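Inside the fold
Listed below, chain by chain, are the residues.
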Amino acid sequence: MLQIDNYVYAESLQEAYDILQTQSGATILGGCGYLRLGGRKIATAIDLSRLDLDYVRETGQDIEIGAMTSLRTLETAALIQQLSSRVLSKSVANIVGIQLRNGVTIGGTVAGRYPFSDPITALMALEAVLVFHNHGRISLKDFLAGKGVKDILVKVVIPKSDSLGAYQSVRRSHTDYAILNTAVTRKNDHFKIIVGCRPGRSASAVKAENYLNEHGLTGESALEAGRLAADELKFGDNPRGSGDYRKAICPVLVQRALMEVMNAA
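My aim in this report is to walk through the structure given alongside it, one point at a time. Since the structure is predicted, the reported quantities are computational estimates derived from the model, not experimental observations.

Take the sheet that holds strand β7 (residues 136-139) next. Hydrogen bonds along the backbone pair up the strands of a sheet, which may run parallel or antiparallel. Spatial ordering of the open sheet is given by β4-β5-β8-β6-β7, a layout of five strands whose pairing is antiparallel. Every other strand in the sheet has two partners, leaving β4 (56-59) and β7 as the edge strands with one partner each. Averaged over all neighbouring strand pairs, the angle between strand axes comes to 30 degrees, with direction disregarded. Where strand β6 (residues 129-132) meets strand β8 (residues 153-159), four bridges bridge the pair, whose relative direction is antiparallel. Residue pairing across strands places F132 opposite L153, the latter belonging to β8.

Below you can see the structure in the form of structure tokens.
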């Protein structure tokens, strides 16, 4: 059961940041879709819902997504659907149900660095950048690889491009969390291959990317890239699946995503 001792509606990002830094046990709230599942006790909960962080907008060469934007908005917003063959929209479409996707925020999902996250995999393939109130801009890849920051995520920035993309996952049921997922993007002859729910955090299959960047995309190279990704990445066990199972299905998911991109060209 989630217990909160003190609940604060922040009136500014600076106020929220000051509380986070000075009050022991202070926690930034997103949509609380995942916090409610645990038995956590929060001394001070900081609500950002009054700070106008719910938006998807086009700014110059980027698309910006406010931290309080729901996963349902990412599924349906026209600007997001135009990104790389709808790869981000597709990544959130099977997360439990519409009611949950209406509540869960992208800021909470990303800042929480959840290893089971579907949209984080897609955002990495889109080379997303995070903007924090105090630390400024940090690439999503570096944020996941580091120790995290005690800060407030303000927005997610995605560079606009004419890349093609694909998202694939394996689930026990249509609305269950993924056992394994992958997202692929292709811009000209440059590829990004991301695999998540390993069950570790989403990671780049660098050797597979380099192989495709050198040899191009064909049916045969897609098969080899899938094999390279499975050999390169580490897989573990959790209640949804074993590491051996994840390693076995990784080549298939990567190949399917690459073939989808190839056929869309």
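What follows continues from the structure just given.
This brings us to the packing of helix α10 (residues 219-232) against helix α11 (residues 243-264). Where α10 contacts α11, the axes come no closer than 8 Å and their chain directions differ by 145 degrees. At the point where α10 passes α11, the crossing takes the right-handed sense. For the pair α10 and α11, the contacting residues are G219, A222, L223, A225, G226, R227, A229, A230 and D231 in the first and K247, C250, P251, V254, Q255, L258, M259 and M262 in the second. Among the residues making up the contact of α10 with α11, the classes are represented as eleven nonpolar, three polar and three charged.

Before going further, it helps to spend a moment on the environment of T218. Positionally, T218 belongs in the loop between α9 (206-215) and α10. Spatially, the C-alpha atoms of T218 and M262 are 7.5 Å apart, while their sequence positions differ by 44 residues.

All right, on to a nonpolar patch on the surface then. A contiguous nonpolar surface patch, about 260 Å² in accessible area, is contributed by I4, Y7 and Y9. With respect to the helices and strands, Y9 occurs in strand β1 (residues 3-9). With a relative accessible area of 36%, Y9 lands in the partly exposed category.

What follows is about the environment of N213. As for its placement among the helices and strands, N213 is situated in helix α9. Assessed through its relative accessible area of 29%, N213 is described here as partly exposed. Between the C-alpha atoms of N213 and A43, which are 170 residues apart in sequence, the distance is 50 Å. Discounting residues that sit within four places of it in the chain, N213 has contacts with D189, H190 and F191.

What counts and how
Residues numbered from 1 in each chain as written. Predicted model: local features only at pLDDT ≥ 70, side-chain atom pairs only at ≥ 80, totals over all residues. Heavy atoms only, no water. Pairing = 2+ DSSP bridges. Helix = DSSP H or I, 4+ residues; strand = E, 2+ residues; numbered from the N terminus. Axes fitted to C-alpha atoms, helices over the stretch in contact; angles between N-to-C directions. Left-handed = near helix turned anticlockwise from the far one by under 90°. Contact = heavy atoms within 4.5 Å. Nonpolar A, V, L, I, M, F, W, Y, C, P; charged D, E, K, R; others polar. Patch = residues over 30% accessible without salt bridge, like charges linked within 9 Å, V, L, I, M, F, W, Y side chains within 5 Å. Areas by Shrake-Rupley, 256 points an atom, 1.4 Å probe, with all protein chains shown as cover. Salt bridge = Lys/Arg side-chain N within 4 Å of Asp/Glu carboxyl O. Buried < 20%, exposed > 50% of the residue type's maximum accessible area, 1.4 Å probe, protein only.

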